[in-house]
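Analysis of the macromolecular model
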Amino acid sequence: MSSQAIEVVELFRQTGAYLSGHFLLTSGLHSAAYLQCARVLQHPEHAAALGGRLAEALRYLAPEASVVVSPAMGGLIIGHEVARTLGVRHIFTERGDDRKMMLRRGFAVEPGERAVVVEDVITTGVSTREVIDLLRANGAEVLAAGSIIDRSGGAADVSVPRAALATLSVETWKPEDCPLCRQGVPAVKPGSRPS
């Protein structure tokens, strides 16, 4: 693990954002570890520092980006900080009643506009890919993606180059294969979405 990744993980531990237990992830998978980025990003100085670092990594991958797009909720603060550092605008996507990603609140991208997608944590890459697909369907060119944490160990494929401040291999299980379920440990859903 790089020194930057070690610093990021230590910041998560110091702020109580690296949780241990039995967690039901948004993806439907189970895990013994959960990274609650909101606990780190509630501190403006940490949000600014992490956003600055991620912006620099994305500037290398996509120097001509003109908009940062994040999925709500988890990507909002970090996406805004990355956009602020890059000096570009920030917009976000939301899930509609049909659970599909959409642009609302008057947000739009122009045909040919160059975008980067930023969120807090990538586990499977599904949310990032949904945002990328939406942007492409609206004519934008998606150059890269980034996250504070990549908990897939680098395995998540989002169809564009991507950067993460820390890449971790955090074991996950399908519910039927979860050893914590077999032990009778209750699973909790710590994220922002209801079960």
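The structure contained in this document is the topic of the report that follows. (Residues numbered from 1 in each chain as written. Predicted model: local features only at pLDDT ≥ 70, side-chain atom pairs only at ≥ 80, totals over all residues. Heavy atoms only, no water.)

Points about the pairing of strand β3 (residues 67-71)
The buried fraction of β3 amounts to five of the five residues, a majority that puts the element mostly inside the structure. On β3, burial covers both faces: Val67, Val69 and Pro71 on one face and Val68 and Ser70 on the other are all buried. In this structure, β3 lies alongside strand β4 (residues 89-95), joined through five bridges in parallel fashion. Note on β4: the bridge partner recorded for Val69 is Ile91. Taken together, β3, helix α4 (residues 76-86) and β4 constitute a β-α-β crossover, and its handedness is right-handed. The sheet contact formed by β3 and strand β6 (residues 114-122) spans three bridges and is parallel. In the sheet register, Val67 faces β6, and the bridge partner there is Ala115. (Buried < 20%, exposed > 50% of the residue type's maximum accessible area, 1.4 Å probe, protein only. Helix = DSSP H or I, 4+ residues; strand = E, 2+ residues; numbered from the N terminus. Pairing = 2+ DSSP bridges. Right-handed = clockwise from strand over helix to strand, strands pointing away.)

Here we look at the side chain of Asp150
Within the fold, Asp150 resides in strand β7 (residues 141-150). Once residues within four sequence positions are removed from consideration, Asp150 is found in contact with Ile122, Arg162, Ala164, Ala166, Thr167 and Leu168. (Contact = heavy atoms within 4.5 Å.)

Some words on unusual backbone geometry
Apart from glycine, the bulk of residues carry a negative phi angle, and the bulk of peptide bonds sit in the trans form. In this chain, Ala72 is followed by Met73 through a cis amide linkage whose omega measures 5°. Inspection of the secondary structure assignment puts Met73 in the loop between β3 and α4. You will see that Arg99, though not glycine, has its phi angle at about 70°, which is positive. With respect to the element layout, Arg99 can be found in the loop between β4 and β5 (101-103). Of note, the phi angle at Arg105 is positive, near 60°, even though the residue is not glycine. Considering the arrangement of structural elements, one finds Arg105 in the loop between β5 and β6. For Arg105, a relative accessible area of 60% gives the class exposed.

A look at the nonpolar core
Judged by nonpolar contacts, the single largest core of 35 residues is most densely connected at Phe12, Leu50, Val82, Ile148 and Ile149. Contributing elements (two or more residues each) for this core: α1 (3-14), β2 (30-35), α2 (37-41), α3 (44-61), α4, β6, β7 and β8 (162-167). Within the second largest apolar cluster, 17 residues are counted, among which are Leu134, Ala140, Val142 and Val158. (Core = buried A, V, L, I, M, F, W, Y, C linked by side-chain atoms within 4.5 Å.)

Focus: the environment of Thr172
Among the secondary structure elements, Thr172 is positioned in strand β9 (residues 172-173). Residues Thr172 and Asp98 lie 74 residues apart in sequence; the distance between their C-alpha atoms is 27 Å. Those residues within four positions of Thr172 in sequence are excluded, and the remaining contacts are Leu25, Leu29, His30, Ser31 and Arg151.

Geometric values such as these leave the question of function open.
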